[in-house]
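# An overview of the molecular structure
So the chains spell out like this:
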Amino acid sequence: MAPALQTAVDNGVPVVTIDRRVDGVPGIIAHVGADNVIGGEAQANLIKELFPDGARIVNLQGQPGASPAIDRNKGVHNILDGDDKYQFIVEQTANFARDQGLSITESILAGLDSPPDVIVAANDDMALGAAEAIKAANLAGEVAILGFDALPEALAAVRDGVLTATVEQFPGGQSRKAVQVLVEHLKSGEAPAEELILLKPIAITKDNLDKAERLGELN
């Protein structure tokens, strides 16, 4: 996106980015997103809550180089690194893709002597793919699966016990705030007070499903 946004900035078009940062483009007014590091930390804190005595963890990482993938992975490691009870037995990218989440989880399960306690995924598509592999291996209910994004399908999976949790990053809230920033800039001509505005994600389980922004989209 950098070349296209640089062209917009160079031609006097105000730009506010949402969700994914676009680095290396001077002149972008602001970025509004979720604090993906905190989102990763929410996943890790939930792992510690679910498995206080420790856990063997498979970490399905997002697309290499993408800011959400980098930040979410950082958050998970911020909390769990240094505690020997929590072992990352496999860490591998599945590129935010469901089919890769499925195929890679199948390969991982085939190479392990025993299943992991947790699969933590950097988005819901990978988590849902992993859930398919877990079901096919007759391990449903034995492995906790954590996603990220709180997509309606993932929320339904949390409700139905297919996923243990997902992370809500409030995309509607991000979009509303970005439009507010842009409108205020267009009215005043001034730069916003903050160039980086981050919302705090939260982990969504069965216990707080009502906090999910897209809950009303469930069938």
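Refer to the structure presented above.
A few points on the structure. Just so we're clear, the structure is a prediction, and the values are computed from it rather than from any experiment.

### Observations regarding empty space enclosed by the protein
This structure, assessed with the given rule, holds 1 cavity of 30 Å³ or more. Quantified by volume, the largest cavity comes out at close to 50 Å³. As for the largest cavity, its lining consists of Gln-43, Asn-59, Leu-60, Gln-61, Ala-69, Arg-72, Asn-73, Val-76, Val-120, Ala-121 and Ala-122. Mapped onto the lining of the largest cavity, the elements with two or more residues apiece are strand E3 (55–61), helix H3 (67–80) and strand E5 (118–121).

### Quick look at the sheet that holds strand E4 (residues 86–93)
Strand order in the open sheet made by the 4 strands is E4-E3-E5-E6, with parallel pairing throughout. Two strands lie at the open edges of the sheet, namely E4 and strand E6 (144–146), each paired on one side alone. Neighbour to neighbour, the strand axes of the sheet diverge by 15° on average, direction disregarded. Pairing of E5 with E6 involves 3 bridges; the strand directions are parallel.

### A closer look at unusual backbone geometry
Located in the positive-phi region is Asn-95, a residue other than glycine, with phi close to 55°. As for its position among the elements, Asn-95 is in the loop between E4 and helix H4 (98–111). Despite not being glycine, Ala-150 has its phi angle at roughly 55°, a positive value. You can see Ala-150 is positioned in the loop between E6 and helix H6 (152–159). With relative accessibility at 0%, the residue Ala-150 sits in the buried group.

### Side note on the packing of aromatic side chains
In this structure the tally under the stated criterion is 0 aromatic pairs. Across the ring face of Phe-148, the terminal group of Arg-72 is positioned such that the distance to the ring centre comes to 3.8 Å.

Calculation criteria
Residues numbered from 1 in each chain as written. Predicted model: local features only at pLDDT ≥ 70, side-chain atom pairs only at ≥ 80, totals over all residues. Heavy atoms only, no water. 1 Å grid on protein atoms, 1.4 Å probe; cavity = no way out; pocket = protein on both sides within 12 Å on 5 of 7 lines; lining within 4 Å. Points joined across faces, edges and corners; volume = space filled by probe spheres on them. Helix = DSSP H or I, 4+ residues; strand = E, 2+ residues; numbered from the N terminus. Pairing = 2+ DSSP bridges. Axes fitted to C-alpha atoms, helices over the stretch in contact; angles between N-to-C directions. Buried < 20%, exposed > 50% of the residue type's maximum accessible area, 1.4 Å probe, protein only. Phe/Tyr/Trp six-rings, centres within 6.5 Å; stacked < 30°, edge-to-face > 60°. Lys NZ or Arg CZ within 6 Å of the ring centre and 35° of its normal.

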